[in-house]
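Understanding the architecture of this molecule
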Amino acid sequence: MPTPRKVPLPTARTADRHDLYQRAVQSPEAEIDFVDSRFKAIRGRRASTLREDFCGTGYTSCEWVRRRAANRAFGLDLDQPTIDWGLAHNAAGLTDEQRARLHLMNADVRTPPREARGVDIALAMNFSYWIFKTRDDLRGYFSVVRRSLAPDGVFFLDLYAGYEAMKVTQERRRIAGGFTYVWDQHAYNPVSADMECRIHFEFRDGTRLRNAFTYHWRLWTMPEVRELLLEAGFKNVVTYCEGENGNGGGDGRFRAASRCPADAGIIAYLSAAK
Ligand SMILES: C[S@@+](CC[C@H](N)C(=O)[O-])C[C@H]1O[C@@H](n2cnc3c(N)ncnc32)[C@H](O)[C@@H]1O
């Protein structure tokens, strides 16, 4: 048997920040498992159209079109170079037939193009909607999402909370493939709840990719987001909290909950039915 060729470890010079981000942050298979099964449970049918707001590289949209032959995905993002990266790296791994059902569009999530309306599922993941910093702006975005869903559409979004959410701190996580992901809660203003978060990457050879991504967000709390969804006209807003694995970590399974433990860091999903 031939000896497998060793893949060289990434360094700051060779690594690609989108590839690092996808490997460290995103789990499109688990995310699609979750929204697909929740939609079925809520509506009693399978969803076929999905819009990924703030899609970046469209990683999740690619997973959606891979799932079922009837599935179509629309990804919206304002950053053309990031969309282009997704087309070159993620969409390139699809068959021609799957790629024909994928539409990554340069568009503002507040004005979704006509083709991307009437969808079964809309997603706003990895807290991207926190760029909207006032109640009016966030409610306005939620209203646009609601109007752009199919009559029985469902909106899914995530958020993080817990008593360390507003702490100025850094969290390091080693990622398979030879690099470390650094989540940098760089600044937080208790008066406005404005926060600045950054992502850095560190490599085994000692090199670092500082400020690979920077976010200027408002740290919204769960009740605020729930209230604004209801004010925007959504019904039946459900929170899903992660179960515990017995070692102080999460078990990766999200269940509907009206309360969850007051932990340091909490990741939750919300579903909001039209
Ligand atoms: C945190 S990244 C999300 C990446 C990926 N979808 C994820 O879930 O990890 C946020 C993305 O939102 C995009 N973005 C910011 N404001 C936007 C807007 N108003 N409309 C569409 N995309 C926007 C940025 O260009 C960026 O690619």
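Scope of this entry: the structure provided in the associated data block. Throughout this description, residue numbers start from 1 for each chain and increase along the sequence as written. The predicted nature of this model means local features are confined to residues of pLDDT at least 70 and side-chain atom pairs, given and counted, to a pLDDT of 80 or more, with totals for whole chains, interfaces and linings taken over all residues. Neither water nor hydrogens contribute to the side-chain values; these are computed over all heavy atoms in the structure.

With respect to the overall build of the protein chain
Secondary structure elements follow DSSP: runs of H or I no shorter than four residues count as helices, runs of E no shorter than two count as strands, and numbering proceeds from the N terminus. From N to C terminus, the protein chain includes 7 helices and 12 strands. Throughout, the radius of gyration refers to the C-alpha atoms, and the reference size of a globule is 2.2 Å times the residue count to the power 0.38. Computed over its C-alpha atoms, the radius of gyration of the protein chain comes to 19 Å, within 12% of the 19 Å expected for a compact globule of 274 residues. Judged by the C-alpha coordinates and their principal axes, the protein chain covers about 55 × 50 × 35 Å. A total of 274 residues make up the protein chain; the buried ones form 49% of that total. Across the protein chain, the fraction of contacts at a sequence separation of at least 24, relative to all contacts at a separation of at least 6, is 66%. Looking at the protein chain as shown, the accessible area adds up to about 13700 Å², and 50% of this sits on carbon and sulfur atoms. Counted charges follow a simple rule, with Lys and Arg positive, Asp and Glu negative, and His plus the chain ends left uncounted. Where a charge sits is defined by one atom per residue type, namely NZ (Lys), CZ (Arg), CG (Asp) or CD (Glu). Computed over 40 positive and 35 negative side-chain charges, the separation of the two mean positions in the protein chain equals 2 Å. Relative accessibility under 20% of the residue-type maximum defines a buried residue, over 50% an exposed one, and the middle range a partly exposed one, all with a 1.4 Å probe and only protein chains included. We call two residues contacting when some pair of their heavy atoms lies within 4.5 Å. Residue-level accessible areas treat just the shown protein chains as cover; the underlying method is Shrake-Rupley with a 1.4 Å probe.

Observations concerning the pairing of strand S2 (residues 72-77)
Judged by how many residues are buried, S2 sits mostly within the fold: 5 of 6 residues are covered. Of the strand pairs in this sheet, strand S1 (residues 49-53) and S2 are connected by 5 bridges, and their pairing is parallel. The residue of S2 that forms the bridge with Asp53 is Leu76. The handedness rule is simple: strands pointing away from the viewer, and a clockwise path from the first strand over the helix to the second, make the crossover right-handed. Regarding topology, helix H3 (residues 59-67) serves as the crossover connection from S1 to the parallel S2, and that connection is right-handed. Relative to strand S3 (residues 102-106), S2 runs parallel, the two sharing 5 bridges. Opposite Ala73, over in S3, you have Leu102 as the bridge partner. Whether two strands pair comes down to DSSP finding at least two bridges between them.

Section: the pattern of salt bridges
Salt-bridge detection follows one rule: a side-chain nitrogen of Lys or Arg within 4 Å of a carboxyl oxygen of Asp or Glu. Within this structure, the stated rule accounts for 21 salt bridges. Asp53 serves as the salt-bridge partner of Arg51, at 2.7 Å between the closest nitrogen and oxygen. Take Arg51: its relative accessible area is 0%, and that puts it in the buried class. Residue Glu231 is joined to Arg135 by a salt bridge in which the shortest nitrogen-to-oxygen separation is 2.7 Å. Here the residue Glu231 occupies a position in helix H7 (residues 222-231), and Arg135 occupies one in helix H6 (residues 135-147), the gap between them amounting to 96 residues. Classification of Glu231 by relative accessible area gives partly exposed; the value is 40%.

Some remarks on the environment of Cys197
Take Cys197: it is sitting in strand S8 (residues 194-203). Taking the C-alpha atoms as reference points, Cys197 and Val168, separated by 29 residues in sequence, lie 9.2 Å from one another. Setting aside residues no more than four positions away along its own chain, Cys197 makes contact with Tyr160, Trp183, Asp184, Gln185, His186, Phe213, Thr214, Tyr215 and Trp217.

Without other data, these values stay purely geometric and don't point to any function.
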